[in-house]
Amino acid sequence: MKRIDSLTPEQIEQELERLGWLDRRDEVIYSVFAVLFFVIAAVLYSGVAVFAFRDNGAATTGCAVFGSLSGGFGTWLVRKVLKRRRIRKRRSRGRRE
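Structure report, in brief. Keep in mind the model is a prediction, meaning the values are calculated, not measured.

## Points about the packing of aromatic side chains
Okay, so step 1: Counted by the stated rule, this structure contains 2 aromatic pairs.
Okay, so step 2: Ring centres 4.8 Å apart and planes at 80 degrees place the aromatic pair Phe-37 and Phe-73 in the edge-to-face group. With Phe-37 in helix 1 (residues 9-53) and Phe-73 in helix 2 (residues 57-96), this pair connects stretches of sequence that are 36 residues apart.
Okay, so step 3: Residue class for Phe-37 comes out partly exposed when judged on its relative accessible area of 24%.
Okay, so step 4: Exposure remark for Phe-73: the relative accessible area of 36% places this residue in the partly exposed category.

## As for a positive patch on the surface
Okay, so step 1: A surface patch of positive charge is lined by Lys-83, Arg-86, Lys-89, Arg-90 and Arg-93.
Okay, so step 2: With respect to the helices and strands, Lys-83 occurs in helix 2.

## Describing a nonpolar patch on the surface
Okay, so step 1: A cluster of nonpolar side chains, Ile-29, Phe-33, Leu-36 and Ile-40, forms an exposed patch at the surface whose accessible area comes to about 330 Å².
Okay, so step 2: With respect to the secondary-structure elements, Phe-33 resides in helix 1.
Okay, so step 3: On the accessibility criterion, Phe-33 (42% relative accessible area) is partly exposed.

## A few points about the side chain of Thr-60
Okay, so step 1: Note on placement: Thr-60 falls in helix 2.
Okay, so step 2: Since its relative accessible area comes to 17%, Thr-60 is described here as buried.
Okay, so step 3: Contacts of Thr-60, omitting those with residues within four sequence positions, involve Val-48, Phe-51 and Ala-52.

## Looking at the environment of Ala-41
Okay, so step 1: The residue Ala-41 is located in helix 1 in this model.
Okay, so step 2: Its relative accessible area of 6% is what places Ala-41 among the buried residues.
Okay, so step 3: As a C-alpha pair, Ala-41 and Asp-5 span 36 residues in sequence and 50 Å in three-dimensional space.
Okay, so step 4: Discounting residues that sit within four places of it in the chain, Ala-41 has contacts with Gly-67, Ser-70 and Gly-71.

Calculation rules
Residues numbered from 1 in each chain as written. Predicted model: local features only at pLDDT ≥ 70, side-chain atom pairs only at ≥ 80, totals over all residues. Heavy atoms only, no water. Phe/Tyr/Trp six-rings, centres within 6.5 Å; stacked < 30°, edge-to-face > 60°. Helix = DSSP H or I, 4+ residues; strand = E, 2+ residues; numbered from the N terminus. Buried < 20%, exposed > 50% of the residue type's maximum accessible area, 1.4 Å probe, protein only. Patch = residues over 30% accessible without salt bridge, like charges linked within 9 Å, V, L, I, M, F, W, Y side chains within 5 Å. Areas by Shrake-Rupley, 256 points an atom, 1.4 Å probe, with all protein chains shown as cover. Salt bridge = Lys/Arg side-chain N within 4 Å of Asp/Glu carboxyl O. Lys, Arg positive; Asp, Glu negative; His and termini not counted. Charge placed at Lys NZ, Arg CZ, Asp CG, Glu CD. Contact = heavy atoms within 4.5 Å.

Geometry only, nothing functional implied.
Printed below as a string of structure tokens:
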């Protein structure tokens, strides 16, 4: 493993760029999963309406519970992406100064 003292400034800059690219890739993955969870939540909430009209209480409750969990997890992922972007923006602002 290389020691940080033995790296040239160009190598350090390349590593920082690579880490930045990995951060952006992770944000895209989190965003895709958030959209997926929101779609699942929408399908489950439409299931709530369907099962409510058919007077099936257990299925209605199950769809509502899992729809809430899915939507909540999607919201958590979106907040995570926004937090990471804010942190990255602050880091890049500090590096420019």
